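Per-entry structural report
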Amino acid sequence: MKVAVCVKQIPDPAVPGELDPSTNTLNRDDKLILDESDSFGVELALQLVEAAGGGSVTLVSMAPRSEVSGLRTALAMGADDAVLVSDDALAGTDALGTAKVLGAALGRVEPDLILAGVESSDGYTGTVPEQIAGVMGIASVTFAKKIEASDGMLSIQRQTDDGYDEVTCPMPALVSVTGGVVEPRYPSFKGIMAAKKKPVDQVGIADLGIDASAVGFAGSRQETVAVVDAEAREAGEIVIDEGEGFQRIADFLAELKVI
Amino acid sequence: MLEHLVGITDLAQLDGFEELDIDTVEGLLDEAGRFCAEQLEPLNRSGDTQPARVEGNTVVIADGFSEAYSMFVENGWNGIAFDPAYGGGGLPWTLGVTVQEMVHSANMSFALCPLLTQGSVDMLMHHASEEQKETYLHKLVSGEWTGTMNLTEPNAGSDVGALAAKAVPAGDGTYRITGNKIFITFGEHEMAENIIHLVLARTPDAPVGTKGISCFIVPKFLVNADGSLGERNDVSVVSTEHKVGIHASPTCVMSFGDEGGATGYLIGDENQGMRYMFTMMNNARLSVGIQGLAVAESAMQLAAGYARERKQGRPIGADAGAAIVEHADVRRMLMTMRSHVEAMRGLMYLNAEAMDRSTNGTGDEAAAAASRAALLTPLSKGWGTDSGVEVTSIGIQVHGGMGYIEETGAPQYWRDSRILPIYEGTNGIQALDLVFRKLPLDGGNAMRSLLDDMSSVARSTDGGPLTDLGIALDAAIGDVETVATWMAGAAPNDVAAGATPYLALTGTAAAGWVHVMSAVAAQRLLDDGAGDTDFLSDKIASARFYCGQFLPRTASMVAACTAGADPLYAVAAERF
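Residues numbered from 1 in each chain as written. Chains lettered and ligands numbered in written order. Predicted model: local features only at pLDDT ≥ 70, side-chain atom pairs only at ≥ 80, totals over all residues. Heavy atoms only, no water.

Considerations on the packing of helix α12 (residues 427–438) of chain B against helix α15 (residues 492–527) of chain B
Residue and element names in this part refer to chain B. Just so we agree on the cut-off: An axis is simply a line fitted to the C-alpha atoms; with a helix, the fit covers only the stretch in contact. Between two such axes, the angle follows the N-to-C directions and lies from 0 to 180 degrees. Runs of H or I in DSSP of at least four residues are treated as helices and runs of E of at least two as strands, each being numbered from the N terminus. Roughly parallel means an angle under 35 degrees; roughly antiparallel means over 145; roughly perpendicular covers 65 to 115; every other angle is labelled oblique. Contacts: residue pairs with any heavy atoms within 4.5 Å of one another. Amino acid classes used here: Ala, Val, Leu, Ile, Met, Phe, Trp, Tyr, Cys and Pro are nonpolar; Asp, Glu, Lys and Arg are charged; the rest, including Gly, are polar.
In contact at an axis separation of 8 Å, α12 and α15 are set at 105 degrees when each is read in the N-to-C sense. Judged by the inter-axis angle, α12 sits roughly perpendicular to α15. Contact residues: α12 offers Asn 427, Gly 428, Gln 430, Ala 431, Leu 432, Leu 434, Val 435 and Phe 436, while α15 offers Pro 492, Val 495, Ala 496, Ala 499, Thr 500, Tyr 502, Leu 503 and Thr 506. Residue classes in the contact of α12 with α15 are distributed as eleven nonpolar, five polar and no charged.

A few points about the interface of chain B and chain A
Our working definition: Buried area is a sum: the accessible area each of two parts loses on coming together, probed at 1.4 Å, counted once for each and added. Should a side-chain nitrogen of Lys or Arg be within 4 Å of a carboxyl oxygen of Asp or Glu, the pair is scored as a salt bridge. Think of a polar contact as two N or O atoms within 3.5 Å of one another; within protein, one of them needs to be a possible hydrogen donor and the other a possible acceptor, and neighboring residues in sequence only count if both atoms come from side chains.
Counting residues at the interface gives 21 residues for chain B and eleven residues for chain A. For the chain B and chain A pair, buried surface summed over both sides reaches about 1,300 Å², with 56% attributable to carbon and sulfur atoms. Seen at the junction of chain B and chain A, the total is two salt bridges. Among the ionic pairs, Lys31(A) bridges to Asp30(B), the shortest N-O distance being 2.8 Å. At the junction of chain B with chain A, the criterion picks out six residue pairs in polar contact (both at pLDDT 80 or more). Within the residue set of the side of chain B that touches chain A, elements represented by two or more residues are α2 (22–40) and α4 (65–74) of chain B. Broken down by element, the residue count for the side of chain B that touches chain A peaks at ten residues, all from α2(B).

A short note on the environment of Pro11(A)
Residues and elements named next belong to chain A. Inspection of the secondary structure assignment puts Pro 11 in strand β2 (residues 9–11). Placed 15 residues apart in sequence, Pro 11 and Leu 26 show a C-alpha to C-alpha distance of 8.7 Å. Filtering out sequence-adjacent residues up to four positions away, Pro 11 remains in contact with Leu 26, Asn 27, Arg 28, Lys 31, Leu 32 and Asp 122.

With respect to the state of the cysteines
Residue and element names in this part refer to chain B. Test applied: Pairs of cysteine sulfur atoms within 2.5 Å are identified as disulfides in what follows. A 1.4 Å probe rolled over the protein chains alone gives each residue an accessible area, and that area as a share of the maximum for its type sets the label: buried under 20%, exposed over 50%, partly exposed in between.
With the rule as written, the count across this model stands at zero disulfides over all chains. Here Cys 215 stays unpaired: no disulfide links it, and the sulfur of Cys 113, its closest cysteine neighbor, is 18 Å away. This cysteine, Cys 547, is not joined by any disulfide, and Cys 561 carries the nearest cysteine sulfur, 19 Å off. In this structure Cys 547 comes out as buried when scored by relative accessible area, which is 3%.

Overview of the sheet that holds strand β7 (residues 81–85) of chain A
Residues and elements named next belong to chain A. Which entries qualify depends on this criterion: Only when DSSP finds a minimum of two bridges between them are two strands counted as paired.
A sheet is described by the order of its strands in space; here nine strands give the open sequence β11-β10-β9-β12-β8-β1-β6-β7-β13, paired in mixed fashion. A single partner strand is all that each edge strand has here, and the edge strands are β11 (164–170) and β13 (200–203). Averaged over neighbouring strand pairs, the angle between their axes works out to 35 degrees when direction is ignored. Direction of pairing for β7 relative to β13: parallel, over a ladder of four bridges.

So yeah, pure geometry; function would need other evidence.
Right, here's the structure in full:
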C-alpha cells in the first residue's frame, strides 16, 4: 500500500510570529518545523502500511528555501521518502495555488491514499486538502478519526458534531485527518540517524509543468487586505460562592450550550 | 556551544564518528529535548511526592516511571554513545552527555537509572570476557536490562578498601557472594526485566585493603545459555532510604546470599576490582558533574520565569508594577545563575570532548587528551556540583518566601542536587584527586598544558574589545600557578589542607577560561555579521559578568590554599 502524506513545515509556534507588513503574509525566514496537525496523518499512514504488511509512506511538502527540517522529523518517525516543492516563484501562493502544486507533485507519486491534516496551524484556511482532491479528480473524505483499507476500498470513521459517520470509498482517495485522533510516535534515535539518508526529491514548478504566473502573488486570487490585532482578552467574571456557586456555573455552561 | 566552543563537527574527523554533522546533532537534540520535556519532566514533581518503597521482594517506583522508561528504551536513547558492536549508537561521548544533561534536567531521579546502567556498560566493555560481553552488553546497551554498582557497605564508604562482602569459589567457575551493600541506586525495581548488579567483594585469600577487591557480575535473574532468563538469584532488597532528595530513585539496602550465596561471575582477574573501577570513574564522575549542570539549568529556568512574572515592590528607575526581574539584586542572582550554568556546560563538554579524543584519536594527541580529561574531571565533578548546589539555592532565593514552598518546584532542585557533592567520590576526594594525582600527572605537564591553553585564550583578546576579560583571566592563571608551585614543595598534609580551596580556585579559573573562549567565539561571529545578535551579545555579557565579578575571587583564595594544615588543627579534636 502506497500512502502519501501532505505535510506543512511552519514557523515554530513557540516563537512569536511576525507578518510582513508589505504583503500581510507570515514571515518564514527562520527554521521551519513539522506542523503538529500533520503528525497525526504521518502516524496513521505508518500504521496503515504496517497493517497492510508492506508498502511505503511518501511525504509531499511545499516550502521556501528548500527547507527540510520538518520533513526530517516525519522521516525520523518512519516515512520512507519525500517530495519537496521549493521555488522562489511560490512566495505568496494562495490555497488553490498550493493545491495545484501539491496535486501535481502527488501525481508523480501515484499513491493509493493521500492523507492530509484538516487545516494547518499557521494558515488555517482548511481548504487545501479538498482542493487537492478536486485538482486530482479523486474522492475526498474529511475529518477522519479512523481509517482501514482492504481490497482497494477504504472504511473511514468520519467525525461529526454528533458522533461519527461510517464512510466507504474506493482508492485512490484523499482523506483529511482530524487532529488528536491518534498518538504520534516519537522519532527514535535510530529513526533520526536514518532520516538524514532518506531520499528527498526536490523539485521546482517547472519540473511539475506549472507556470509561474499561475502561482505566487501573481497567481493568487486570495488577498489579505487588512490585518487587525485580536481583541485583548477581557478579565473573567469572579463568582463568590455563597452556596449557590454550582448553579451559576451550570447556568453559564448552559448559556454556552455546552451542557 | 557545541559548534563554536567544543567544535563538535571536528570530532567527525576521528575514527568512528564519521556520521556526525551539525544538522544531525540539531535534530537529535531537538527530539531528545522534546521527549524529555513531554514525557519525563511531567513526572518530576509527582515522583518527588511518591518516594520509592519496598513492597514484598521488590520496590515500587512512582506512577508513570515504568511506562516512561519503556518509551525511553524503545526510542533508543539509552545507548546513543555506546559501542555499535553491542547495539549502541556510536556517537561521541560529547553528544552523549548533552542528551544526558537534558534527561537529568527533566527528571534527575529517572535519569539515575540509565546513569547506573552506563557505569555497568563501561565496566563490562573494558574488563569483561567476550562471552560475558555477549551475554550482558546487548541488553544493557539497549536498556532492556539495567545495571547497578555495589561498592558501599556500612563500614566502607569513601574507604572502599574496607569492604567485607565475600566471594567464595563454587568449584564450577562461579562464586558464591555474601554480604550487605548500602546506597545501591535502582538496586531493585520492575521497570526492566532484569538487573545486572556489579558487586565488589573479597575472595578468601585476598590481601587487605583496595588490593584485595574483586568485581563480580551478579544478575537478579540468572541468564541461561540461550539468553533467556532463568531462576532468581540469591540477592534481595532489604529497604530503601528516606533521603533529602531524588525521592523517586530507589536507594536500596541490598542483601546478597541470604539463602547461601548469590551466584557471581568474576570480571577479569581476582583482586583487580579497584583498578577496573578506575577505568569507568572518569565517565561516571563527569556524568555526576553533568547532573549538577542539568539541575542548575532547570532551577535557572524556573527562577527566570518567576522573576519575569512576579510583581513586587517598585524597582529603582522602573514603573510601578514592574516584575522583580527589574530589581538589581534579582538581576545579580539571575546573572550569577546564568554565568555559572554556562561555564559549567562549557567545562563539562570540553571534558567530554577530551575523552572522545582520548578514546578515538591516535598517538600523542590521544595521550594528551587523556591527560586533559583526567585533569578536568575533578573540576567538572567537584567545582561543577558545588556550583550546582549554589545555583539551585539561589533559585530558591529568587522566589522569596515562595521558594521555601515545595509547590513551586524550586526546593526540589536544591534537595535533588545536594547529593551531587557527596556521591561518586565526595568533593573532598575530588580535591585530593586534583592535588595529589592530577597536579603531578605527566610530571606536571597536564596542568602546564592546560595553563598554556588558558594563557593563549587570554592573549587572543589583546587589544580587542574583550581585553578586560583576558586581563582578568591572566590574573587567575597566575593564582593557579602560584598555588601549584607552593604545593609542589609542601608537606602532604599541608597540601591536603589546601585541597578544597584549590579545587574552588582552579574551577573558578577554568570557568573564566571557558567564558573568555565563548566570548571570543561570539565576538568573531558578531564581527562576521553571522548568527543571532542577541544570543551572541548575551554570551559576551555573561562572560564579562563572570570575569569581572567571580574570576577576581581567585586572588583571595590563594591564602587558604597555602595556609597549610596548622590552622585546621589548632583546635583539638575533642574540643569540637
